Amino acid sequence: MDLSTTAFAVNTPKFWGGEKELVADCIETGWISSEGPAVKEFESKMASRCSRRHAIACANGTAALDIAVKALNLSEGDEVILPSFCIISVITQVVRGGSVPVLVDSDATFNMDVSQLASKITPKTKAIICVHTYHFPVDMEPVLALAKEHGIKVIEDAAEMIGQTCLGRPCGSFGEISTMSFYPNKHITTGEGGMVLCDDPELAERCQQLRNLCFDPKKRRFVHEDLGWNYRMTNLQAALGLGQLLHLDEAVQRKREIGRLYSKLLKGCPGLILPPDDLRSETNIYWVYGVELLPSVPCEADEVMKHLAAAKVGTRPFFWPMHEQPVFLQMGLFKGIANLSDEHGRRGLVRIDL
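Computed from a prediction, not measured in an experiment: that's the story for all the values here.

Engineer: Any details on a nonpolar patch on the surface? Residues and values, ideally.
Structural biologist: Together, Ile 87, Ile 88, Val 327 and Met 331 make up a nonpolar patch on the protein surface, roughly 320 Å² of accessible area in all. Secondary-structure assignment places Val 327 in helix α11 (residues 326–330).

Engineer: Tell me about the packing of aromatic side chains, and name the residues and values.
Structural biologist: For the coordinates displayed, the defined rule picks out 15 aromatic pairs. For the ring pair Phe 110 and Tyr 134, a centre distance of 5.6 Å and an interplane angle of 65° mean the geometry is edge-to-face. In this pair, Phe 110 is assigned in the loop between β3 (100–104) and α5 (117–120) and Tyr 134 in the loop between β4 (125–131) and α6 (140–150), connecting sequence segments 24 residues apart. In this structure, Phe 110 and Tyr 134 share a single accessibility class: buried. Pairing Tyr 286 with Tyr 289 gives two aromatic rings, centres 6.0 Å apart and planes at 10°, and the pair type is stacked. With respect to burial, Tyr 286 and Tyr 289 carry one shared label: buried. Against the face of Phe 222 rests Arg 221, its NZ or CZ located 5.1 Å from the ring centre.

Engineer: Outline the packing of helix α1 (residues 19–29) against helix α8 (residues 235–245), listing residues and values.
Structural biologist: At their nearest, the axes of α1 and α8 sit 8 Å apart, and the two run at 155° to each other. As summarised for this structure, α1 and α8 are arranged roughly antiparallel, according to the angle between their axes. The two elements α1 and α8 meet at a crossing, and its hand is right-handed. Where α1 approaches α8, its residues Glu 19, Leu 22, Val 23, Cys 26 and Ile 27 are matched on the opposing element by Asn 235, Leu 236, Ala 239, Leu 240, Leu 242, Gly 243 and Gln 244. Considering only residue class, the contact of α1 with α8 consists of eight nonpolar, three polar and one charged.

Engineer: Give a description of the pattern of salt bridges that names residues and reports values.
Structural biologist: According to the stated counting rule, one finds twelve salt bridges in the structure shown. Across the pair Arg 254 and Glu 257 runs a salt bridge, and its minimum N-O distance is 3.2 Å. Here Arg 254 and its partner Glu 257 are both found in helix α9 (residues 248–266), three residues apart, which amounts to about one turn of the helix. Residue class for Arg 254 comes out partly exposed when judged on its relative accessible area of 40%. Overall, the relative accessible area of 38% leaves Glu 257 in the partly exposed class. Put simply, Asp 277 and Arg 260 hold a salt bridge, and the shortest N to O gap is 2.9 Å. Highlighted residues: Asp 277 in the loop between β10 (272–273) and β11 (278–279) and Arg 260 in helix α9, separated in sequence by 17 residues.

Engineer: Hey, could you go over helix α2 (residues 37–49) for me, with residue numbers and the actual values?
Structural biologist: Here α2 spans 19 Å end to end across 13 residues, near enough to the 18 Å set by a 1.5 Å rise per residue. For α2, every residue scored as buried is listed here: Ala 38, Val 39, Phe 42, Glu 43, Met 46 and Ala 47. Projected down its long axis, α2 shows its buried positions confined to an angular sector of 165°, all on one face. Away from its buried face by more than 90 degrees, α2 exposes Pro 37, Lys 40 and Ser 48. Next to the buried residues of α2 lie β1 (54–58), β8 (177–181), β9 (194–198), α7 (201–211) and α8. Two residues or fewer past α2, Ser 51 is found with a positive phi of approximately 55°.

Engineer: Give a detailed account of the packing of helix α3 (residues 61–71) against α7, specifying residues and quantitative values.
Structural biologist: At a minimum axis separation of 9 Å, α3 and α7 run at an interaxial angle of 125°. As the angle between them shows, α3 and α7 are arranged oblique. Of the two possible hands of crossing, α3 and α7 adopt the one that is right-handed. Residues Ile 67, Lys 70 and Ala 71 of α3 form the contact with α7, whose own contacting residues are Leu 203, Arg 206, Cys 207, Leu 210 and Arg 211. A breakdown of the residues in the contact of α3 with α7 according to their chemical character gives five nonpolar, no polar and three charged.

Engineer: Any details on the nonpolar core? Residues and values, ideally.
Structural biologist: Soluble globular proteins: nonpolar side chains tend toward being buried together. Core analysis: the largest hydrophobic core is formed by 54 residues, its most contacted members being Phe 42, Met 46, Leu 117, Tyr 134, Met 180, Phe 182 and Met 195. The element that contributes the greatest number of residues to this core is α2, accounting for five residues. Filtering out sequence-adjacent residues up to four positions away, Phe 182 remains in contact with Phe 42, Met 46, Ile 162, Ile 188, Thr 189, Thr 190, Gly 191, Glu 192, Gly 193, Gly 194, Met 195 and Met 233. Among the nonpolar cores identified, the runner-up in size contains 37 residues, and Ile 67, Leu 103, Cys 207 and Leu 340 belong to it.

Engineer: Help me get a handle on the sheet that holds β4, residues and values and all.
Structural biologist: The strand order β1-β9-β8-β5-β4-β2-β3 describes an open sheet built from seven strands, whose pairing is mixed. Here the strands that pair on one side only, and so sit at the sheet edges, are β1 and β3. Taking each pair of neighbouring strands and ignoring which way they run, the sheet shows an average axis angle of 20°. As paired strands, β8 and β9 are joined by five bridges and run antiparallel to one another. Directly across from Ile 177, in β9, lies its bridge partner Cys 198. Docked against the sheet, α3 engages β1, β4, β5 (153–157), β8 and β9, running at close to 165° with respect to β8. Strands β2 (79–83), β3, β4 and β5 of the sheet are contacted by helix α4 (residues 89–96), whose axis makes an angle of about 150° with β3.

About the criteria used
- Residues numbered from 1 in each chain as written.
- Predicted model: local features only at pLDDT ≥ 70, side-chain atom pairs only at ≥ 80, totals over all residues.
- Heavy atoms only, no water.
- Patch = residues over 30% accessible without salt bridge, like charges linked within 9 Å, V, L, I, M, F, W, Y side chains within 5 Å.
- Areas by Shrake-Rupley, 256 points an atom, 1.4 Å probe, with all protein chains shown as cover.
- Salt bridge = Lys/Arg side-chain N within 4 Å of Asp/Glu carboxyl O.
- Helix = DSSP H or I, 4+ residues; strand = E, 2+ residues; numbered from the N terminus.
- Phe/Tyr/Trp six-rings, centres within 6.5 Å; stacked < 30°, edge-to-face > 60°.
- Buried < 20%, exposed > 50% of the residue type's maximum accessible area, 1.4 Å probe, protein only.
- Lys NZ or Arg CZ within 6 Å of the ring centre and 35° of its normal.
- Axes fitted to C-alpha atoms, helices over the stretch in contact; angles between N-to-C directions.
- Parallel < 35°, antiparallel > 145°, perpendicular 65-115°, else oblique.
- Left-handed = near helix turned anticlockwise from the far one by under 90°.
- Contact = heavy atoms within 4.5 Å.
- Nonpolar A, V, L, I, M, F, W, Y, C, P; charged D, E, K, R; others polar.
- Expected span 1.5 Å × (residues − 1).
- Arc of directions from axis to C-beta.
- Core = buried A, V, L, I, M, F, W, Y, C linked by side-chain atoms within 4.5 Å.
- Pairing = 2+ DSSP bridges.

No statement about biological role is implied by the geometric values presented.
Structure, rendered in structure tokens:
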């Protein structure tokens, strides 16, 4: 959708006023590359905010997921359980690395249905990727219990829950390793950018090497024993992130105000399933405002989106499920699991505001 033609764009990044000075300082001092001091400061402050010992800034959220998956040293044929209803970034490195993705259906919260996890675990299961989606975090308590029981690693994708809590802890603090994205539609933006968070110092060192072409500071430069990526974050991006982090609580508060306004205005509108304001012990963070159409509505979400676009209101479709992605079907993946739901993708649409 061409957002330049919409009166109400899907999302525009929010700047709070102090970011310009921080970015300008990078230019004035010449610290614009990934070697600058703002990167380490941003890492330190994000680690503290998420109750983690280590944070590794990187180029984007996809890079963070790539690093996290590879850092766990999964072998070819190892099984990784993850939700079918997610963005494709979550599964990409699993497939490229030769591991076997095992999909779990979503529930009414759009998160993975954790009641299905136990039935998916086999002796080959080595990791579970939990993706907090749209409004609420995954129900992490049963996930962590199963992982501990079976010796399975947990990757937490907290890209959409920056500033949210789960079980009284910050999202980004769960499992062996967590990831975040700082794309412009997130609660903190660095334009592009991401973060890997963990507690294990050896795992953190592994992530740092993977981010930087697997240079090993203990060995001769330009001699490599593994393949990594150039997934570094620049000092300019980190400076922007520091300015944004100062206002994270305000961003979350504003999201909730907007979400509640939508619910108030749409209450009683026939044919719509609106997101609840709270679930379990958590308050909806309204990273997006997601609406599903009831089966009684005689069209799919894309038709409603066309009408909204004609009224200059920008929307986006929901994620499309992994078990229906053409690229994976062409690879021969996910045969015989057509019973997984795809209704969220067909019947849902979102707005992203700040």
